[in-house]
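In case you want the letters, here they are:
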Amino acid sequence: MEVLGIDVGGSGVKGAIVNIDTGELVTNRLRIETPQPSKPDSVIGVIKEIVNHFNYQGPIGVGFPGVIMNGVTMTAANVDDEWLNYPAAEAISKATGCQVYVGNDADVAAIGEMRYGAGRNVDGVVMIFTLGTGIGSAMFLNGHIVPNVEIGHIYQRNRKLDAEYFASDRARKREDLSWKEWGARLDKYFKYIEMLFSPDLIIIGGGISKKHDKFLHYIQVRAKVVPAQLLNEAGIIGAAIGAVDR
Ligand code: BGC
C-alpha cells in the first residue's frame, strides 16, 4: 500500500509517498521551508502544497514536533504557540480532503526505525532519540510504543534548563561545540537516561546521525548504542505507517 508521509520540523516540512509494505519511498522527497512564524494556517498551507504536488488522495500520516493526543497538538516547544491545543488532524483533513493521522515526530520516526531500521526484531526496552532542533524521544517495550514520552525535556541535577537546551544538535551549533565537547554532554545525558530507564538498546536518529562516527563513541553507557538506519527518511516512513496502523 502507498501512503503519503509528512514530517513537520522547525526548519522544513518534508513529504514523500511511501510503500508501507517495504518501507521504501516510491517518490522523491519534497522539502519546503517551514513558514516563519510557524502558525497552523501557514504550515497547513505547506502540507496542502505537498499533497497537491503529489496529486495525492488517500490517508496521510503527519509527524509533528509536540505531544499529540487524538489528533490534537498539546505542546509546541519549537513551533508557534498557536499549535497549543490545536485540532491538527481535523484542520489538515479539512484543508486536504484526506483522512489524516498526526503523531509525535520522534514517535513516528521511531516506528519507522523499529519496523524497517535499527530496531527491527529487537525486544526488551528500546529507546530512540532524535537529535536536532530539539531532542525527540520514543520508548518501546517488546515492540510496543509508549506514546508521547518527552525525555528531551528532562532537567538534570544542577541545571536550570532542560536537557534539550544543552544536548540537542541546535545546542552544538549555537555554542559552536567541538564533537568532543558535545559528546561529553551527550554522555552525561545518556548516563542519566540509563540510570532512570535501563534500556537494552539506544538508537540515535535525527539528521546528525549521518555523522555518528564523530560522536557516538563518546556515549559510554551499558546499553548498546547504535545509529538510526533510515536517517532523514524515518519520519516520513513512520508517519505513513502510522496513518494505516493508527
Ligand atoms: C518536543 C518533542 C519533539 C522533539 C523533536 C521537542 O522539543 O517537545 O515533542 O519530539 O522536540 O522535534
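Here, every reference points to the structure presented above.
Residues numbered from 1 in each chain as written. Predicted model: local features only at pLDDT ≥ 70, side-chain atom pairs only at ≥ 80, totals over all residues. Heavy atoms only, no water.

### Here we look at the overall build of the protein
Of regular secondary structure, the protein possesses seven helices and 13 strands. Taken over C-alpha atoms, the radius of gyration comes to 17 Å for the protein, in line with the 18 Å a tight globule of 246 residues would show. Here the C-alpha coordinates of the protein stretch approximately 50 × 40 × 30 Å along the principal axes. In the protein, buried positions account for 56% of the 246 residues. Contacts in the protein between residues far apart in sequence, at least 24 positions, make up 61% of those at least 6 positions apart. Just so you have it, the protein exposes about 11,300 Å², and 48% of that area is on carbon and sulfur atoms. Separation between the mean location of the 25 positive side-chain charges and that of the 28 negative ones in the protein comes to 6 Å. (Helix = DSSP H or I, 4+ residues; strand = E, 2+ residues; numbered from the N terminus. Rg over C-alpha atoms; globule rule 2.2 N^0.38 Å. Buried < 20%, exposed > 50% of the residue type's maximum accessible area, 1.4 Å probe, protein only. Contact = heavy atoms within 4.5 Å. Areas by Shrake-Rupley, 256 points an atom, 1.4 Å probe, with all protein chains shown as cover. Lys, Arg positive; Asp, Glu negative; His and termini not counted. Charge placed at Lys NZ, Arg CZ, Asp CG, Glu CD.)

### Digging into the pairing of strand 9 (residues 125-131)
Most of strand 9 is tucked away, with six of its seven residues classed as buried. Bridging between strand 9 and strand 10 (residues 135-141) involves seven bridges; their strand directions are antiparallel. Bridge pairing links L131 to I135 in strand 10. Counted along the chain from strand 9 to the antiparallel partner strand 10, the turn is three residues long. Pairing analysis gives five bridges linking strand 9 to strand 12 (residues 201-205), with the strands arranged parallel. Residue pairing across strands places T130 opposite G205, the latter belonging to strand 12. (Pairing = 2+ DSSP bridges.)

### Let's talk about the site of the ligand
Residues in close proximity to the ligand total 13 residues, the closest being N104, D105, E150, H153 and E164. A distance of 2.7 Å separates an oxygen atom of the ligand from a polar side-chain atom of H153. For the ligand, whose accessible area on its own is 310 Å², the fraction buried by protein is 94%. For the shell around the ligand, the elements supplying multiple residues, two or more each, are helix 3 (105-116) and strand 10. Class assignment for the residues of the shell around the ligand results in four nonpolar, six polar and three charged. Two domains share the shell around the ligand, each providing at least three of its residues, namely domain 1 (2-108 + 234-245) and domain 2 (121-228). (Near = heavy atom within 4 Å. Polar contact = N/O pair within 3.5 Å; in protein donor to acceptor, adjacent residues only side chain to side chain. Nonpolar A, V, L, I, M, F, W, Y, C, P; charged D, E, K, R; others polar. Domains from an automatic or database assignment.)

### Details of the environment of A88
With respect to the helices, strands and loops of the structure, A88 is situated in helix 2 (residues 88-96). Relative accessible area serves as the criterion here: at 1%, A88 is assigned to the buried category. In this structure, the C-alpha to C-alpha distance between A88 and V100, residues 12 residues apart in sequence, is 9.0 Å. Excluding its chain neighbours within four sequence positions, the residues that come into contact with A88 are G71, V72, T73, W83 and V102.

### Points about the packing of helix 1 (residues 40-53) against helix 2
For the pair helix 1 and helix 2, interaxial distance at closest approach is 10 Å and the crossing angle is 45 degrees. One element, helix 1, and the other, helix 2, form an angle in the oblique class. You can see that helix 1 and helix 2 cross each other, and the crossing is right-handed. Residues I44, I47, K48 and V51 of helix 1 form the contact with helix 2, whose participating residues are A91, I92, A95 and T96. Looking at the contact of helix 1 with helix 2 residue by residue, the class counts come to six nonpolar, one polar and one charged. (Axes fitted to C-alpha atoms, helices over the stretch in contact; angles between N-to-C directions. Parallel < 35°, antiparallel > 145°, perpendicular 65-115°, else oblique. Left-handed = near helix turned anticlockwise from the far one by under 90°.)

Purely geometric numbers; function is a separate question.
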